[in-house]
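# Breakdown of the fold
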Amino acid sequence: MRINEEKNGKELIIALEGRLDTTTAPELREHITAIPEEITHLVMDFKDLAYISSAGLREILVCRKRFRDDAMRVINVSEAVNEIFETTGFDELIPLEVTCEDISTYVNLSFKDFLKKKVENTPDAVALVDERGDFTWKDVDVYSQIIAEGLEKKGVKRGTHIAICGANSVNWVLTFFAIQKLGAMAQLLNSNMRASEIATVAGIGDITHLCYGMMPEMKDEEAFIKEIKEQGCPLTKFISIRDDRQDIRERRGEYEAIQHKFGEHVEADAPCVMIFTSGSTGRPKGVLLSAYNILNAASSSYKDQTLTEQDKTCLILPLFHIFGLVAGLFANAMAGSTIYLPKNIRTDTLLELIEKEKCTIFHSVPTMLIALLNNKNFVPEKFATLRCTIISGAAATQAQIKMFKEKLPNDHFMASYGLSEMAPVSITVYGDTEEHLLNTVGKPVSNISIKIRNMENGEDCPVNVSGEVLVQGYNLMTGYYKVSLEDQAIDEDGWLRTGDLGFLDEEGYLHLSGRLKELIIRGGENIMPGEVEAAISTLEMIDNVKVIGVPSEFFGEEVCACLKLKKGYTFSEEEIKEQLAGKLAKFKIPSHYVIYEEFPMLGTGKIDGVTLKKEVFEKIK
């Protein structure tokens, strides 16, 4: 929880942001105790307060004991928080001013109730736009109801493990809400998966139903499904939501007969989404999340992006990924802004859409931004309306960020950090300094705690001292699905061990330096791949780089650089080593180099580390 104070003569205004619960109530007690005697009137502003617990109510009661009669007011109380006051009778003790609607109304709802609330408040507001036209929130409700009816007939019910696998589309969003209406578990699969990979993940997540849309690997639909079935996984039902099939709007007449179905209550805290870790470092794990996790995370993201109803977002972030779900779909839904879903993510398509619709928001991974800026048709004027771009999912180098800012001077770039297990964790401030953007991944978002743990003695690291990054907060996953106790990343104190290395500076900004699993140990010297990648990326000939450790009989491990060269350049190992000599210690300069035309990629926009390592190990044997 954040507490902001403003003094106006003898009146003190205390604004609360986040959750006032058992954990944060003592903070408020400290502030109240410290109020000077000359203050005669107190105003508590609940505009950004999402929740108040019994412990929080008790602190408000203590305040009321000191500031009686008209000396105390509580303003901007949301409907959700006011309901807690009414239920406990505290509305008769504390003078409240209830707001009509604000963001905190949404964060304590299930996805099912979230959609219901959007329809109640803004039924005709445009939520989604694709090449077929506009879809309002009322449309989303109607068509997801029709899809839910169809899913129920296929055996989907409360607790069913049902997957969505397909490129971003209106049908994807409708299917997600349909699953939530049924109280089932939505498992979000990478749309770039092969049939064998889907079968593997289906076994991990006990998936029985698959809703599939457009998938690059599904060249022959019948053969693809047959291959999945032959793997012996629990998947038995296949449901097409492909965009080249019937337009769902042709079925609107089915709604009237089923509009009152699926009224069963769904808890906001119940695990209802499973997102799979990318598999870039090993076997995928199923991350269990609730609507409460995701909607509260989206609330923070919406504020950090400064989203408004006037914003237009070109959404290319994959919806199966936590970044796309939180910063894309639900942050915009919170703000009431409009989401544009391009028919594909080819750079020509995106250039045309952003220019034509005058999009203001476009989040991406560095590889996509580089591809757009390198498109032969790109000119800065096409992106003149863009005002906010979060770079996440994969780290951008300093050279890349400087290029982005130079090519898109009107855009506000933000560096963010998060994981499938918990996102967002940190973000730079909108309009932050170039130094913060280039060197950090921002400060912890509201109500998120970060600490740095010494890997040798387990103690907390002081500022500017690197260790493992541990995180904790409201958007932390429940845990991994059916993973052994030893392999659960949450420790005995409730902290998520991220596996990332970094440090906090004096201002509270987080600096990342690499991953524990990527640490290269060469003859006893620890080498972080990120440092080597940053140095190599400054070389004129380099388009992209990935550094990994490879086996060495003498050193144990040696450094290998996988390189993608810019057009027109030829590789010279001697030249690269000469240029790196002034940037890196000798032991950090790569001993091996592998040249790639294109890196193997995951659907999240990250380099597929598992495939890359297998290929490299074969090449340098």
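Data block above holds the structure.
First, a word on what this report is: a plain description of the structure on this page.

So, how was this worked out
- Residues numbered from 1 in each chain as written.
- Predicted model: local features only at pLDDT ≥ 70, side-chain atom pairs only at ≥ 80, totals over all residues.
- Heavy atoms only, no water.
- Helix = DSSP H or I, 4+ residues; strand = E, 2+ residues; numbered from the N terminus.
- Rg over C-alpha atoms; globule rule 2.2 N^0.38 Å.
- Contact = heavy atoms within 4.5 Å.
- Areas by Shrake-Rupley, 256 points an atom, 1.4 Å probe, with all protein chains shown as cover.
- Lys, Arg positive; Asp, Glu negative; His and termini not counted.
- Charge placed at Lys NZ, Arg CZ, Asp CG, Glu CD.
- 1 Å grid on protein atoms, 1.4 Å probe; cavity = no way out; pocket = protein on both sides within 12 Å on 5 of 7 lines; lining within 4 Å.
- Points joined across faces, edges and corners; volume = space filled by probe spheres on them.
- Pairing = 2+ DSSP bridges.
- Axes fitted to C-alpha atoms, helices over the stretch in contact; angles between N-to-C directions.
- Buried < 20%, exposed > 50% of the residue type's maximum accessible area, 1.4 Å probe, protein only.
- Disulfide = S-S within 2.5 Å.
- Core = buried A, V, L, I, M, F, W, Y, C linked by side-chain atoms within 4.5 Å.
- Parallel < 35°, antiparallel > 145°, perpendicular 65-115°, else oblique.
- Nonpolar A, V, L, I, M, F, W, Y, C, P; charged D, E, K, R; others polar.

### Structural notes on the overall build of the protein chain
Assigned secondary structure in the protein chain consists of 18 helices and 29 strands. By the compact-globule yardstick of 25 Å for 621 residues, the protein chain fits well, its C-alpha radius of gyration being 26 Å. Overall, the protein chain is about 80 × 65 × 55 Å in size when its C-alpha atoms are taken along their principal axes. Within the protein chain, contacts between residues at least 6 apart in sequence are counted, and of these 69% link residues at least 24 apart. Here the protein chain has roughly 27600 Å² of accessible surface; of this, 48% comes from carbon and sulfur atoms. Taking the average place of the 69 positive charges on the side chains of the protein chain and the average place of its 94 negative ones, the gap between the two points comes to 4 Å.

### So, empty space enclosed by the protein
Applying the stated rule across the entire model yields 2 cavities of 30 Å³ or more. Estimates place the volume of the largest cavity at around 50 Å³. Looking at the largest cavity, the residues that line it are Gly166, Ala167, Asn168, Ser169, Trp172, Gly213, Met214, Ile241, Arg242 and Asp243. There is about 40 Å³ of room inside the second largest cavity. Every residue along the wall of the second largest cavity is listed here: Leu289, Asn293, Ile294, Ala297, Ile322, Val326, Ser420, Met422, Ala423 and Asn475.

### Focus: the sheet that holds strand β28 (residues 556-565)
What the 3 strands build is an open sheet, ordered β27-β28-β29; its pairing is mixed. Taken across any chain shown, the strands that pair with only one partner, and hence form the sheet edges, are β27 (542-552) and β29 (592-595). Each strand axis lies, on average, 25 degrees off the axis of its neighbour in the sheet, ignoring direction. Taken together, the 10 bridges between β27 and β28 define a ladder with antiparallel strand orientation.

### Re the pairing of strand β21 (residues 467-473)
Burial runs high along β21: 5 of the 7 residues are buried. Across 6 bridges, strand β20 (residues 448-453) lies against β21 in antiparallel orientation. Paired with isoleucine 452 across the two strands is valine 469, which belongs to β21. As paired strands, β21 and strand β23 (residues 496-504) are joined by 4 bridges and run antiparallel to one another. For glutamate 468, the partnering residue across the bridge sits in β23 and is leucine 501.

### Topic: the state of the cysteines
With the rule as written, the count across this model stands at 0 disulfides. Unpaired in terms of disulfides, cysteine 272 finds its nearest cysteine sulfur in cysteine 211, a separation of 15 Å. Cysteine 562 carries a free sulfur, and the closest cysteine sulfur to it, the one in cysteine 560, is 4.5 Å from it.

### A short note on the nonpolar core
Counting 97 residues, the largest nonpolar core has Phe111, Leu151, Leu188 and Phe330 as its most contacted members. The dominant element in this core, judged by the number of residues it contributes, is helix α11 (residues 322-335), at 11 residues. Residues in contact with phenylalanine 330, not counting those within four places in the same chain, are Phe111, Phe114, Phe176, Phe177, Ile294, Leu295, Ala298 and Leu325. Formed by 29 residues, the second largest nonpolar core is a distinct cluster that contains Met1, Cys63, Val74 and Val81.

### What to know about the sheet that holds strand β12 (residues 271-276)
Taken together, 7 strands build an open sheet; the order of strands is β11-β10-β8-β9-β12-β13-β22 and the sheet is mixed. Because the sheet does not close on itself, it has two edges, and the strands there are β11 (237-240) and β22 (479-480). Looking at chain direction, strand β8 (residues 161-165) and strand β10 (residues 209-212) are connected through 4 bridges and run parallel. Within the sheet, the bridge partner assigned to isoleucine 162 lies in β10 and is histidine 209. Where helix α7 (residues 195-205) meets the sheet, it contacts β8, β9 (185-189), β10 and β12, and its direction lies at approximately 140 degrees from that of β12. Docked against the sheet, helix α10 (residues 291-304) engages β12 and β13 (286-290), running at close to 75 degrees with respect to β13.

### Points about the environment of aspartate 91
Inspection of the secondary structure puts aspartate 91 in the loop between α3 (79-88) and β5 (96-98). In this structure aspartate 91 comes out as partly exposed when scored by relative accessible area, which is 32%. Separated by 355 residues in the primary sequence, aspartate 91 and serine 446 have C-alpha atoms spaced 27 Å apart.

### Section: the packing of helix α12 (residues 347-357) against helix α13 (residues 366-374)
Close contact between α12 and α13 brings their axes to 9 Å; oriented N to C, the two are set at 80 degrees. When the interaxial angle is binned, α12 and α13 end up roughly perpendicular. Here Thr347, Leu350 and Leu351 of α12 come into contact with α13, specifically with Met368, Ala371 and Leu372. Among the residues forming the contact of α12 with α13, the class breakdown is 5 nonpolar, 1 polar and no charged.

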